[in-house]
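Structural overview for review
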Amino acid sequence: ADDVAFLLDGTVRFAGLVAALKAAGLDGVLGTSGPFTVFAPVNAAFDALPAGTVDGLLEPEAKDKLTAVLQHHVTTSALAIDAFADGQTVTMVDGTPVTFTKRGPDTFVGGAKVVASIKASNGWIHVVDTVLLPGA
């Protein structure tokens, strides 16, 4: 099976995320052995942020902030969607927690809806409809 980095880079749905990972210098990390669980926002999630947010995060002087936002989308465990329970919290790589909510068949992480899950050789990608912002 292909690794997380390859699967993200292989589709235009994640062009915004891949561009952000490259700007932060984190694109190579997700190709290592992991394990990782990545909550991957689709391009529309980046587009939904307030005007100027993405451009501001991609500025070289914002690299630390961009890195924190990206690390808030990753855990260092391989967790399938059925591993998450309503009210459960998981600490992300940036050191801050996210809370999971179950509503019927749907799973939400920090308010973002998981719309698909993809198994990778070094973990899981859970596709989300919203960018997760630390402290939000």
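Being a predicted model, the structure only gives us computed values, none of them experimental.

We now examine the pattern of salt bridges. Within the structure shown, the criterion is met by 2 salt bridges. The salt bridge involving Asp9 is made with Lys22; its shortest N-O contact spans 4.0 Å. Here the residue Asp9 occupies a position in helix α1 (residues 4–9), and Lys22 occupies one in helix α2 (residues 15–24), the gap between them amounting to 13 residues. On the basis of relative accessibility, which here comes to 46%, the residue Asp9 falls in the partly exposed class. With relative accessibility at 47%, the residue Lys22 sits in the partly exposed group. The salt bridge partner of Asp106 is Lys113, with a shortest N-O separation of 3.7 Å. For Asp106, a relative accessible area of 26% corresponds to the partly exposed category.

The description of two helices packed together rests on the angle between their axes and the distance between the axes. Look at α2 against helix α5 (residues 63–71): their axes get within 9 Å of each other, and the N-to-C directions meet at 130 degrees. What the angle tells us is that α2 and α5 run oblique. The crossing of α2 and α5 is left-handed. Along its contact with α2, which presents Leu17, Ala20, Leu21, Ala23 and Ala24, the element α5 presents Lys63, Leu66, Thr67 and Leu70. Its residues placed into classes, the contact of α2 with α5 shows 7 nonpolar, 1 polar and 1 charged.

Okay, the packing of aromatic side chains next. Applying the stated criterion across every chain, the model contains 3 aromatic pairs. Aromatic side chains Phe39 and Phe100 sit 5.8 Å apart centroid to centroid with 50 degrees between the ring planes, which places their arrangement in the tilted category. With Phe39 in strand β1 (residues 36–41) and Phe100 in strand β4 (residues 97–103), the pair connects residues that are 61 residues apart, well separated along the chain. The pair formed by Phe39 and Phe100 is uniform in burial state, with each residue classed as buried. Taken together, the ring pairs in this structure connect Phe39, Phe84 and Phe100 into an aromatic cluster. The ring of Phe108 has Arg103 sitting right over it, with the charged end atom 4.2 Å from the ring centre.

What counts and what doesn't
- Residues numbered from 1 in each chain as written.
- Predicted model: local features only at pLDDT ≥ 70, side-chain atom pairs only at ≥ 80, totals over all residues.
- Heavy atoms only, no water.
- Salt bridge = Lys/Arg side-chain N within 4 Å of Asp/Glu carboxyl O.
- Helix = DSSP H or I, 4+ residues; strand = E, 2+ residues; numbered from the N terminus.
- Buried < 20%, exposed > 50% of the residue type's maximum accessible area, 1.4 Å probe, protein only.
- Axes fitted to C-alpha atoms, helices over the stretch in contact; angles between N-to-C directions.
- Parallel < 35°, antiparallel > 145°, perpendicular 65-115°, else oblique.
- Left-handed = near helix turned anticlockwise from the far one by under 90°.
- Contact = heavy atoms within 4.5 Å.
- Nonpolar A, V, L, I, M, F, W, Y, C, P; charged D, E, K, R; others polar.
- Phe/Tyr/Trp six-rings, centres within 6.5 Å; stacked < 30°, edge-to-face > 60°.
- Lys NZ or Arg CZ within 6 Å of the ring centre and 35° of its normal.

Don't take any of this as a statement about function, it's just geometry.
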